[in-house]
Amino acid sequence: MAKSKRGHALWSLPSRGRGTCPICESTRIKLLYPRRATDGTNIKVCKRCDKVSQEKVDASILVK
Ligand SMILES: [Zn+2]
């Protein structure tokens, strides 16, 4: 399978896969990992935040 998180595959994504992570608030980081909050909201998070607890995912959407 092609690497979907590296190289030119990213260029077809909005902002080329980059943005501000809703959990750690790193700017211009690659947001490639989808997480789903308990209320059904889907968010994209960075590599570091892919492994965070469900509570942190839920908290990040409440802040907004
Ligand atoms: Zn993050």
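Quick note: structure is the one above.
For the structure given in this document, a descriptive report is provided here. In this text, all values refer to a predicted model and were calculated from it rather than measured experimentally. (Residues numbered from 1 in each chain as written. Predicted model: local features only at pLDDT ≥ 70, side-chain atom pairs only at ≥ 80, totals over all residues. Heavy atoms only, no water.)

All right, on to the side chain of Ser60 then. Relative to the assigned elements, Ser60 resides in helix 1 (residues 54-63). Given a relative accessible area of 6%, Ser60 falls into the buried group. A polar contact is formed between the side chain of Ser60 and the backbone oxygen of Val57, at a distance of 2.8 Å. Beyond its immediate sequence surroundings of up to four residues, Ser60 is in contact with Pro22, Ile23 and Ile43. (Helix = DSSP H or I, 4+ residues; strand = E, 2+ residues; numbered from the N terminus. Buried < 20%, exposed > 50% of the residue type's maximum accessible area, 1.4 Å probe, protein only. Polar contact = N/O pair within 3.5 Å; in protein donor to acceptor, adjacent residues only side chain to side chain. Contact = heavy atoms within 4.5 Å.)

Counting residues in each nonpolar core, the largest one holds 13 residues, and the members touching the most others are Cys21, Ile43, Val45, Cys46, Cys49 and Val57. Taken together, the elements giving at least two residues each to this core come down to strand 4 (42-45) and helix 1. In contact with Ile43, not counting residues within four places along its chain, are Pro22, Tyr33, Pro34, Arg35, Val57, Ser60 and Ile61. (Core = buried A, V, L, I, M, F, W, Y, C linked by side-chain atoms within 4.5 Å.)

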